[in-house]
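Now for the letters of each chain:
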Amino acid sequence: MKFLVLKKDTLVFILVTAFLLVTISAWFLLKAGDTTVFNQTANEDIREIHMVTVEFNSKTKDGKEIEVYRWDPGTIQLDAGEKVNLYISGVNGEEHPFYIEGTDIKGTVKKGEETMVPLQIDKEGTYRLICEVHGDRDHNGPMIADIIVD
């Protein structure tokens, strides 16, 4: 019968090497969910614009409460063809279903949530971001923002 005989130094070397391999493997496996990628280069920059829903309210002299909803900022400017991510945070009002006039872009901003709207408008002009709930003065509006494309 043959036995494998290892010296103490050899056994320590094997254990240390195995420990390092397990540690490095575990680190790479745990990092697998991260978005960081080595040698990653961004192909293009996408500008971020942040907007919020706001409400202004007051009382008239006779005690009647009045309010109006707005997008803030009320005007944003883009270059024609520029890629933009528009982040809209719902601060006031439960829900603001919206569309951007002259495009197929639609969405809904909800209170306490952030809605991301990817924009890339190639044709110059002024496009209105319109809330469907607050479209006119009778419905605490108009809640309209201008998107100016140059």
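Above this text sits the structure in question.
Residues numbered from 1 in each chain as written. Predicted model: local features only at pLDDT ≥ 70, side-chain atom pairs only at ≥ 80, totals over all residues. Heavy atoms only, no water.

Visitor: Teacher, can you tell me more about the side chain of T115 here?
Guide: The residue T115 is located in strand β7 (residues 114–119) in this model. Given the relative accessible area of 16%, T115 is considered buried. Only 3.0 Å separates the side chain of T115 from the backbone oxygen of T108, close enough to count as a polar contact. T115 has contacts with L86, Y87, I88, T108, V109 and K110, leaving out every residue within four places of it along the chain. (Helix = DSSP H or I, 4+ residues; strand = E, 2+ residues; numbered from the N terminus. Buried < 20%, exposed > 50% of the residue type's maximum accessible area, 1.4 Å probe, protein only. Polar contact = N/O pair within 3.5 Å; in protein donor to acceptor, adjacent residues only side chain to side chain. Contact = heavy atoms within 4.5 Å.)

Visitor: Explain the sheet that holds strand β1 (residues 47–59) to me, please; I cannot follow it from the model alone.
Guide: Strands pair in a sheet through their backbones, by hydrogen bonds, and they do so in one of two ways: parallel or antiparallel. Strand order in this open sheet of 4 strands is β2-β1-β4-β7, and the pairing throughout is mixed. Looking at the sheet topology across the chains shown, the edges are occupied by β2 (65–72) and β7. Adjacent strand axes in the sheet meet at a mean angle of 20° when their direction is disregarded. Where strand β4 (residues 84–89) lies against β7, 6 bridges are found, and the strand directions are antiparallel. Across the sheet, the residue bridging to Y87 is M116, located in β7. (Pairing = 2+ DSSP bridges. Axes fitted to C-alpha atoms, helices over the stretch in contact; angles between N-to-C directions.)

Visitor: Even after reading the chapter, I still don't get the nonpolar core, so can you show me in this structure?
Guide: Considering soluble globular proteins, one finds that nonpolar side chains tend to be buried as a cluster. In this structure, M51, W71, L86, I88, L119, L129 and I147 are the most contacted members of the largest nonpolar core, which totals 23 residues. Broken down by secondary-structure element, the contributors of at least two residues to this core are β1, β2, β3 (75–78), β4, β5 (95–100), β7, β8 (125–131) and β9 (144–149). (Core = buried A, V, L, I, M, F, W, Y, C linked by side-chain atoms within 4.5 Å.)

Visitor: Sorry, what's going on with the sheet that holds β5 here?
Guide: Read across the sheet, 5 strands follow the order β3-β9-β8-β5-β6 without closing on themselves; strand pairing throughout is mixed. Two strands close off the open sheet at either side, each with one partner strand: β3 and β6 (106–110). The mean angle between the axes of side-by-side strands here comes to 25°, regardless of whether they run parallel or antiparallel. Where β8 and β9 come together, 6 bridges link them in antiparallel fashion. The partner of R128 across the bridge, within β9, is D146.

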